[in-house]
Amino acid sequence: MKITVKTPATSANLGPGFDSLGLALDIWATVTVDTDKPARVNSITRLIQQGIEAAFGDAGKAPPVAIDWDNTIPVARGLGASASLRIAGLLAGNALLDGLHDVDGLLALGTQLEGFPDNASPTLFGGLQVNVRRTDGSIIHLDAPLPDDLKVVVFIPDFEMPTQESRRRLPRQFSREDTVFNVGRVALLVAALGAGRYDLLDEATQDRMHQPVRGQIFPGLNPIMAAAKEAGAAASYLSGGGSTVAAFVQTGEERVARLMTQAALANGFSGRSIITQPTRQGAHIVES
Ligand code: HSE
């Protein structure tokens, strides 16, 4: 049996919404699993296989499958590649199980594999997802409104930034001042996006939880964010755990993309800019 799944890339955190906010982008991975061909294992197919095994609930019960992936979402760059691949595996595994799990069950499994919900949720559901982990471990996810004309420019450095490594360096405790700083801004961000208030997005995407430390690991971050805003972006932030820098843009996206690339190169970071937009569609099976 052959199953093809499409899953979108995602941009998590959006500045202050650490481990809570995630946005699906119109950049898609296409994954095909084939139960009739021999499996070949590498670091990418392992992520997809993890999703299949999680759907089966027992690695021993999951069938070996050949996996094909079109390599469209760069890995370890803060665009949720691991979540896209694991969710693709979960959807394929669930199809092999005739839909044993409902979508919330798939989100719970995806979050367990990832360790946080803010990539798994938007790649599964699309759109801007607000995610909260209940004290019993289950996940609340809610679709939040976005302006129709929102464009997202992403500068994707060639430099990799493995999420788990940079997470280990983040502080475990925050002052009341920094907590209030982020709480207010994440609330403002959701409200401002819903109201189409581009003028508030710069303030609303400021962060004191993870970007300061990650900016030390990736010294290109602040100059690239500054270049995006100078070029006319409404806001910019580190996408997920990096190294991608994302900018919210209403108009003038080509100029933003160009200036972000130039600033990156001027600071010693090669890479490429992509102009994209949010997608309301989430992961889906295209062929089975
Ligand atoms: N919230 C996660 C982090 C997202 O910042 O580590 C990783 O893409």
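Residues numbered from 1 in each chain as written. Predicted model: local features only at pLDDT ≥ 70, side-chain atom pairs only at ≥ 80, totals over all residues. Heavy atoms only, no water.

(A) A look at the overall build of the protein. Each helix and strand in the protein was counted, giving 10 helices and 10 strands. Whereas a compact globule of 288 residues would reach a radius of gyration of roughly 19 Å, the protein reaches 18 Å, a difference of no more than 12%. Seen through its principal axes, the protein has C-alpha atoms that stretch 55 × 40 × 35 Å. For the protein, buried positions account for 52% of its 288 residues. Long-range contacts, defined here as pairs at least 24 residues apart, represent 74% of the contacts in the protein between residues at least 6 apart. Summed over all atoms, the accessible surface of the protein reaches about 12,600 Å², with 50% contributed by carbon and sulfur. (Helix = DSSP H or I, 4+ residues; strand = E, 2+ residues; numbered from the N terminus. Rg over C-alpha atoms; globule rule 2.2 N^0.38 Å. Buried < 20%, exposed > 50% of the residue type's maximum accessible area, 1.4 Å probe, protein only. Contact = heavy atoms within 4.5 Å. Areas by Shrake-Rupley, 256 points an atom, 1.4 Å probe, with all protein chains shown as cover.)

(B) Local environment of the domain arrangement of the protein. Domain boundaries in the protein define domain 1 (2-144 + 280-287) and domain 2 (151-276). For domain 1 versus domain 2, the separation of C-alpha centres amounts to 24 Å. Taken together, the contact pairs 26 residues of domain 1 with 40 residues of domain 2. Interface of domain 1 and domain 2: buried area, both sides summed, is about 2,100 Å²; carbon and sulfur atoms make up 64% of it. In terms of surface lost to domain 2, no three residues of domain 1 exceed Pro16, Phe18 and Arg77, which account for 30% of the buried area on that side. One salt bridge connects arginine 167 with aspartate 19, and the closest N-O pair in it is separated by 2.8 Å. At the boundary of domain 1 with domain 2, the tally comes to 16 residue pairs in polar contact (both at pLDDT 80 or more). Elements represented by at least two residues in the side of domain 1 that touches domain 2 include exactly strand E1 (2-12), strand E2 (21-34) and strand E4 (128-133). (Domains from an automatic or database assignment. Buried area = accessible area lost by both parts, 1.4 Å probe. Salt bridge = Lys/Arg side-chain N within 4 Å of Asp/Glu carboxyl O. Polar contact = N/O pair within 3.5 Å; in protein donor to acceptor, adjacent residues only side chain to side chain.)

(C) Just the sheet that holds strand E8 (residues 245-249), in detail. One open sheet holds the four strands; their spatial order is E7-E8-E6-E9, and the pairing between them is antiparallel. What marks the edges here is a single partner per strand, and that holds for strand E7 (235-238) and strand E9 (271-276). Each strand axis lies, on average, 20 degrees off the axis of its neighbour in the sheet, ignoring direction. With four bridges joining them, E7 and E8 adopt antiparallel strand pairing. Opposite leucine 238, over in E8, you have valine 245 as the bridge partner. Here helix H9 (residues 221-230) sits on the sheet and contacts strand E6 (151-157), E7 and E8; the angle it forms with E7, its principal contact strand, is near 160 degrees. Packed onto the sheet, helix H10 (residues 253-266) meets E6, E8 and E9 and runs at close to 20 degrees relative to E6. (Pairing = 2+ DSSP bridges. Axes fitted to C-alpha atoms, helices over the stretch in contact; angles between N-to-C directions.)

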